[in-house]
Amino acid sequence: MKVHPVTALFPMLGPDELLDLAQDIESNGLTEPVVLDADGVLLDGRGRLAACELADVEPRFTTYQGDDPVCLIVSANRHHPNTTASQHAMIAAMARSLSPGSLPSDTARCGINVTRLSIATTVLEHAPDLAEQVRTGTLALNAAYTAVRRRKADAKALLAQHARLRQHAPDLAEQVIAGHLAVTDATAALDSRQEEEHLRRRVEEIDAIRLADGDTTPAFARTAEAGDVDWRHAHQMAEQYLAQRHDAIRHVQHSLAGIAELWSAVQDLAHHPRSPYAREILKGLTGPARTLAHRLIALETACATGTA
């Protein structure tokens, strides 16, 4: 007997259940007939029909008179002993894909949970292999949905990697397309390129500062381009130079701030350079300090007289 494709989605009774049903039918007769459509296609009652054959009892049939056989099948199997709620939802989703528009918008009328049906539909659309596992009961619907979301996230990330390669490294993208390079390896190569370019720009910026400061030592970038060091090492040296330069600036600023605080003393010396007070101060100085004092006095005198 031909079986409706949606009916075939539901699992048959197991051997023990079938034997129990056959014994019941043998003792009490078939209480619920097997349902066929107008063309004799079996809609509901595969287990009852098989149990009748096992019990050697003549089955009874009835013809479905409605216009929604899929809803009948799904509803009739809502309490199928070998079907979980996850399986029922997945089979409903499969039924709707086999016969679009066959299930009413009010799916609850067919014994279908709307949320589960939506989840099952998503799994069926994006992972038919997992959907089949849910149908057969080897995978829970929620676990399949989680796997689908993970697959979609992975696919989205992969597309983003391809787009990034096409934009920034067409040569690497071509190698990936040709199958000569894995996406992960191509992405790692692009990351390395971009990091090196970032280091190069930073080193060149610091070299420009050195040049403007009048530093005549070889440029860090030139050292890297010559292959004496790699760009990471050149960057480390450049940043170290910049840190030392910063420390030197802070030191000079601090020193000048100290001089500014004592500038009134320099002015006093400049105004009275031959006073006992001035002579005693200068007498106590030696070396660079004495030279600096004379220069500052001369500078202040020149500023005061307008000859500077």
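No experiment lies behind these values; they were computed from the predicted model shown.

## A few points about the overall build of the protein
Point 1. Regarding its fold elements, the protein presents 15 helices and three strands.
Point 2. Its C-alpha atoms give the protein a radius of gyration of 45 Å, more than 25% over the compact-globule value 19 Å for 308 residues.
Point 3. Every one of the 308 residues in the protein was classed for burial, and the buried ones make up 33%.
Point 4. If you sum the accessible surface of the protein, you get close to 19000 Å²; carbon and sulfur atoms cover 54% of it.

## Quick look at the packing of helix H13 (residues 263-271) against helix H15 (residues 287-305)
Point 1. Running from amino to carboxyl end, H13 crosses H15 at an angle of 75°, the nearest separation of the two axes being 9 Å. On the basis of their axis angle, the class for H13 and H15 is roughly perpendicular. Taken together, the residues of H15 that come into contact with H13 (itself represented by Trp263, Val266, Gln267, Leu269, Ala270 and His271) are Leu296, Ile297, Glu300 and Thr301.
Point 2. Of the residues in the contact of H13 with H15, the class split is six nonpolar, three polar and one charged.

## Brief notes about H13
Point 1. Listing the buried residues of H13 in full gives Val266, Leu269 and Ala270. Seen end-on, H13 carries its buried residues on one side only, within an arc spanning 100°.
Point 2. Contact partners of the buried residues in H13: helix H14 (276-283) and H15.

## Description of the layout of surface pockets
Think of a ball as big as a water molecule: rolled over the atoms, this probe shows where empty space is left.
Point 1. Empty space within the largest pocket amounts to approximately 440 Å³.
Point 2. In this structure, the largest pocket is lined by 20 residues; those nearest its centre are Leu13, Arg48, Asn77, His80 and Pro81.
Point 3. Residue assignment for the lining of the largest pocket shows that the elements contributing at least two residues are helix H2 (15-28), helix H3 (46-55) and helix H4 (69-76).
Point 4. Per-element accounting of the lining of the largest pocket gives the leading share, three residues, to H3.
Point 5. In terms of lining residues, the second largest pocket is bounded by 13 residues, among which Leu262, Val266, Leu269, Ala293 and Leu296 are the most central.

## Brief notes about the sheet that holds strand E1 (residues 34-36)
Point 1. Spatial ordering of the open sheet is given by E2-E1-E3, a layout of three strands whose pairing is mixed. Either end of the sheet is taken by a strand with one partner, and the two such strands are strand E2 (42-44) and strand E3 (61-63). Here the strands of the sheet are splayed against their neighbours by 40° on average, with no regard to which way each runs.
Point 2. Bridge analysis of E1 against E3 gives three bridges, and the strand direction is parallel.

## Observations regarding helix H10 (residues 183-213)
Point 1. Between its terminal C-alpha atoms H10 stretches 45 Å, which fits the 45 Å expected from 31 residues at 1.5 Å a residue.
Point 2. Along H10, the positions that sit buried rather than exposed are Val183, Ala186, Thr187, Leu190, Leu199, Val203, Ile206, Asp207 and Arg210.
Point 3. Glycine 214 lies just past H10 and shows a positive phi near 95°.

## Quick notes on the nonpolar core
Point 1. With 29 residues, the main nonpolar core has Val74, Met90, Val123, Leu130 and Leu141 as its most contacted residues.
Point 2. The set of elements that each furnish at least two residues to this core consists of helix H1 (5-9), H4, helix H5 (85-98), helix H6 (114-126), helix H7 (128-136) and helix H8 (141-168).
Point 3. No other element matches the seven residues that H5 contributes to this core.
Point 4. If we ignore the near neighbours within four places in the chain, the residues touching leucine 130 are Val123, Leu139, Ala144, Ala147, Val148 and Arg151.
Point 5. Leu199, Phe220, Ala221 and Leu242 belong to the second-largest nonpolar core, a separate cluster that totals 12 residues.

## A look at the pattern of salt bridges
Point 1. Counted under the stated rule, the structure contains 14 salt bridges.
Point 2. Residues joined in a network through salt bridges with shared partners are Glu197, Arg200, Arg201 and Glu225.

## Quick look at the environment of valine 229
Point 1. Positionally, valine 229 belongs in the loop between helix H11 (220-225) and helix H12 (231-261).
Point 2. Taking relative accessible area as the criterion, valine 229 reaches 16% and is therefore assigned buried.
Point 3. Distance from valine 229 to glutamate 239, taken between C-alpha atoms, is 15 Å for residues 10 residues apart in sequence.
Point 4. Each residue touching valine 229, except ones within four places of it in the same chain, is listed here: Thr223, Ala224, Ala234 and Met237.

## Things to note about the side chain of asparagine 77
Point 1. Counting through the fold element by element, asparagine 77 comes out in the loop between H4 and H5.
Point 2. Since its relative accessible area comes to 9%, asparagine 77 is described here as buried.
Point 3. A polar atom in the side chain of asparagine 77 sits 2.7 Å from the backbone oxygen of isoleucine 73.
Point 4. Not counting the four nearest positions on each side in its chain, asparagine 77 is found in contact with Phe10, Asp44 and His88.

## So, the packing of aromatic side chains
Point 1. Enumeration according to the criterion identifies one aromatic pair in this entry.
Point 2. Over the ring of phenylalanine 220 we find arginine 210, and its NZ or CZ is 4.2 Å from the ring centre.
Point 3. Stacked on the ring of tyrosine 241, the Lys or Arg arginine 210 has its end atom at 5.2 Å from the ring centre.

Calculation rules
- Residues take numbers from 1 onward in each chain, read along the sequence in its written order.
- With pLDDT at 70 or above as the cut-off, local features in this predicted model cover only qualifying residues; side-chain atom pairs require 80 or more to be listed or tallied, and sums for whole chains, interfaces and linings still use all residues.
- As a convention, hydrogens and water are excluded, and side-chain values are obtained from all of the structure's heavy atoms.
- Put simply, DSSP marks the helices as runs of H or I at least four residues long and the strands as runs of E at least two long, and each gets a number from the N terminus on.
- Note on method: radius of gyration uses C-alpha positions; expected globular size equals 2.2 Å times residues raised to 0.38.
- Residue exposure (1.4 Å probe, protein chains only): buried if accessible area is under 20% of the type maximum, exposed if over 50%, otherwise partly exposed.
- Residue-level accessible areas treat just the shown protein chains as cover; the underlying method is Shrake-Rupley with a 1.4 Å probe.
- Helix axes are fitted only over the stretch in contact, all axes being lines through C-alpha atoms; the angle between N-to-C directions runs from 0 to 180 degrees.
- Roughly parallel means an angle under 35 degrees; roughly antiparallel means over 145; roughly perpendicular covers 65 to 115; every other angle is labelled oblique.
- Any two residues having at least one pair of non-hydrogen atoms within 4.5 Å are treated as being in contact.
- Note on residue classes: Ala, Val, Leu, Ile, Met, Phe, Trp, Tyr, Cys and Pro are nonpolar, Asp, Glu, Lys and Arg are charged, and everything else, Gly too, is polar.
- By definition, the arc is the one covered by directions from the helix axis to the C-beta atoms.
- Only protein atoms enter the calculation, which uses a 1 Å grid: trapped sets of points that fit a 1.4 Å probe without letting it out are cavities, open sets showing protein on both sides within 12 Å along at least five of seven lines are pockets, and any residue with an atom within 4 Å of a point is a lining residue.
- Grid points are joined across faces, edges and corners, and a volume is the space filled by probe spheres set on the points.
- Only strands joined by at least two bridges in the DSSP assignment are considered to pair.
- In this scheme, a helix's expected span is set at 1.5 Å multiplied by one less than its residue total.
- Among the buried residues, those of types Ala, Val, Leu, Ile, Met, Phe, Trp, Tyr and Cys that are joined through side-chain atoms within 4.5 Å form a nonpolar core.
- Only one rule defines a salt bridge in this text: a Lys or Arg side-chain nitrogen within 4 Å of an Asp or Glu carboxyl oxygen.
- N or O atoms within 3.5 Å of each other form a polar contact, as long as, within protein, one can give a hydrogen and the other can take it, and as long as residues adjacent in sequence are counted only when both atoms are side-chain atoms.
- Think of it this way: a Phe, Tyr or Trp ring, Trp meaning its six-membered ring, pairs with another when their centres are within 6.5 Å, and the plane angle makes it stacked under 30 degrees, edge-to-face over 60, tilted otherwise.
- Note on geometry: a ring has a charge over it if NZ (lysine) or CZ (arginine) is within 6 Å of the ring centre and within 35 degrees of the ring normal.

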